[in-house]
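Coordinates in review
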Amino acid sequence: MSTASSSLPDTDLLRQTIRASGLKVTAPRVAVLRALQRLPHSSAERVFDRVKDELAGTSTQAVYGILAAFTGAGLVRRFDPPGSPALFECRVGDNHHHLVCIRCSAIRDVDCVIGEAPCLEPSDDAGFVILSAEVTFNGLCEQCRTISSTDDNP
Ligand SMILES: [Zn+2]
Ligand SMILES: [Zn+2]
């Protein structure tokens, strides 16, 4: 009966991951990390929706606090697409970038263009040491492109 759950992240592994990042393991943190592994690029609101049944008495604010702690510990990456609330994901440390659909807000990961941070060099660094560059490629996803071309040819 447990075939469907065999590919899901194991709670022990989640606890280990949280502990290894230097944070205390709590039930809400485990639930939030599990939700985020299943739903990458989620807002705090979406994660809250996912965990609220499991965690009685939790709030969006509490989830947001956990996500902020995870981000600070390097366990989670925060991504701020234009015109959307902050999104969070578990894929960290690879300096990957994002493709964002301007019509339906679909988000896809795309590997770092160069292969390592900072990927891009600014035309003028103003004396800064550049550590990373976040690139957002705005466009139309495949599905929205199909809709657009159908609109053009009724
Ligand atoms: Zn789209
Ligand atoms: Zn991503």
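To keep things clear, this report deals only with the structure shown in the data block. (Residues numbered from 1 in each chain as written. Chains lettered and ligands numbered in written order. Predicted model: local features only at pLDDT ≥ 70, side-chain atom pairs only at ≥ 80, totals over all residues. Heavy atoms only, no water.)

Looking at the coordination of the zinc ion (ligand 1)
- Binding of the zinc ion (ligand 1) to the protein goes through Cys101 (SG), Cys104 (SG), Cys141 (SG) and Cys144 (SG), at separations of 2.2 to 2.3 Å.
- In this structure, the zinc ion (ligand 1) is surrounded by four donor atoms whose angles at the metal cover 103 to 114 degrees, and the resulting shape is tetrahedral.
- Mapping the donors of the zinc ion (ligand 1) onto the primary sequence gives the spacing C-x2-C-x36-C-x2-C. Of this pair, Cys101 sits in strand S4 (residues 97-101) while Cys144 sits in helix H5 (residues 142-152), placing them 43 residues apart in sequence. The same class applies to Cys101 and to Cys144, which are both buried. (Donors = N, O, S within 2.8 Å, 3.2 Å for Na, K, Ca; no water. Tetrahedral: all angles 85-135°; square planar, octahedral: opposite > 155°, others 65-115°. Helix = DSSP H or I, 4+ residues; strand = E, 2+ residues; numbered from the N terminus. Buried < 20%, exposed > 50% of the residue type's maximum accessible area, 1.4 Å probe, protein only.)

Considering the pairing of strand S5 (residues 107-110)
- In this sheet, S5 lies alongside S4 in antiparallel orientation, the contact comprising four bridges. If you follow His97 over to S5, its bridge partner there is Val110.
- Hairpin geometry of S4 and S5 is characterised by an intervening segment of five residues between the two adjacent antiparallel strands and by a positive phi of about 65 degrees at Ser105. (Pairing = 2+ DSSP bridges.)

Section: the sheet that holds strand S6 (residues 136-139)
- Here we have three strands laid out as an open sheet, ordered S5-S4-S6, and mixed in their pairing. Because the sheet does not close on itself, it has two edges, and the strands there are S5 and S6. Taking the axes of each pair of neighbouring strands and ignoring which way they run, one obtains an average angle of 25 degrees across the sheet.
- Judged from the four bridges that link them, S4 and S6 form a sheet pairing that is parallel. Along S6, the bridge assignment pairs Val100 with Asn138. (Axes fitted to C-alpha atoms, helices over the stretch in contact; angles between N-to-C directions.)

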